[in-house]
Amino acid sequence: MTFSGAKLALFLGQKIVVILRDDKPDIPYPGHWDLPGGGREQEESPEVCALRETEEEIGLKLAPSDLVWSRRYKRPRGYVWFFISHQPAGLVSDIRLGSEGQRWALMDPREYCAHPLSVPHFAEQLSSYLSEARA
């Protein structure tokens, strides 16, 4: 089974970048807090997918070496990759919201995991990372 997309939990300092999804009934999780990332294009790798989507959605260009943790998990349309990157808090001034989403924000990662409007499977993946990072 091939992968269908990739997501990135991008830490800027101690917080993560989240995007409030558009409130359209024809998309998954309308009006929920999402993470940068999305669907695979052509034959791109999971890393390239996550980095391209991050640049498109919030204007930050990161390198593959900036990805410090990853996991693959199964979803109905194939595998999805989940990546972590830790960057300086100062990058917040470079964020520019792309054409998707209502707005972006910084959120405490534990708050995201418990938030009623976080995308549940991304909250689970982030929670797994936080548990491993604590150990």
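Residues numbered from 1 in each chain as written. Predicted model: local features only at pLDDT ≥ 70, side-chain atom pairs only at ≥ 80, totals over all residues. Heavy atoms only, no water.

So, the nonpolar core
- Ranked by internal contacts, the top residues of the largest apolar core, which has 20 residues, are Leu-35, Phe-82, Ile-84, Tyr-112 and Leu-126.
- Secondary structure elements with two or more residues in this core: strand S1 (3-12), strand S2 (15-20), strand S5 (67-75), strand S6 (78-87) and helix H3 (120-134).
- Counting residues per element, this core draws most heavily on H3, which supplies 5 residues.
- Apart from residues lying up to four places away in sequence, Tyr-112 is in contact with Ile-16, Val-18, Trp-33, Asp-34, Leu-35, Met-107, Ser-118, Val-119, Phe-122, Ala-123 and Leu-126. (Core = buried A, V, L, I, M, F, W, Y, C linked by side-chain atoms within 4.5 Å. Buried < 20%, exposed > 50% of the residue type's maximum accessible area, 1.4 Å probe, protein only. Helix = DSSP H or I, 4+ residues; strand = E, 2+ residues; numbered from the N terminus. Contact = heavy atoms within 4.5 Å.)

Regarding the pairing of S2
- For S2, a buried count of 5 out of 6 residues is recorded, marking the element as mostly surrounded by other parts of the structure.
- The turn joining S1 and S2, which pair antiparallel and follow one another in sequence, is formed by 2 residues; a positive phi near 70 degrees is taken by Gly-13.
- As paired elements, S2 and strand S7 (residues 103-107) share 5 bridges and run antiparallel to each other. Looking at the pairing, Val-17 lines up with Leu-106 of S7. (Pairing = 2+ DSSP bridges.)

Re the pattern of salt bridges
- In this structure the tally under the stated criterion is 9 salt bridges.
- As a salt-bridge pair, Asp-34 and Lys-7 come within 2.9 Å of each other at their nearest N and O atoms. Of the two residues, Asp-34 is situated in strand S3 (residues 33-34) and Lys-7 in strand S1; the sequence distance between them amounts to 27 residues.
- We note a salt bridge from Glu-53 to Arg-52, for which the minimum N-O separation is 3.1 Å. Neither residue differs from the other here; Glu-53 and Arg-52 are each classed as buried.
- Each member of the salt-bridge network shares a partner with another, and the members are Glu-41, Glu-44, Arg-52, Glu-53 and Glu-56. (Salt bridge = Lys/Arg side-chain N within 4 Å of Asp/Glu carboxyl O.)

Brief notes about helix H1 (residues 46-58)
- End to end, H1 covers 18 Å across 13 residues, agreeing with the expected 18 Å (1.5 Å per residue, within 8%).
- Three or more residues of H1 are buried, namely Pro-46, Cys-49, Ala-50, Leu-51, Arg-52, Glu-53, Thr-54, Glu-57 and Ile-58.
- Buried-residue contacts for H1 involve S1, S2, strand S4 (37-39), S5 and S6.
- Once H1 ends, the next one or two residues include Gly-59, with phi positive near 75 degrees. (Expected span 1.5 Å × (residues − 1).)

Describing the side chain of Glu-44
- Note that Glu-44 resides in the loop between S4 and H1.
- Within the structure, Glu-44 has its side chain in polar contact with the backbone nitrogen of Glu-41 (distance 2.8 Å).
- Here Arg-52 takes part through its side chain, which lies 2.6 Å from a polar atom of the side chain of Glu-44.
- If we skip the residues at most four places from it in the chain, Glu-44 touches Phe-3, Gly-39, Cys-49 and Arg-52. (Polar contact = N/O pair within 3.5 Å; in protein donor to acceptor, adjacent residues only side chain to side chain.)

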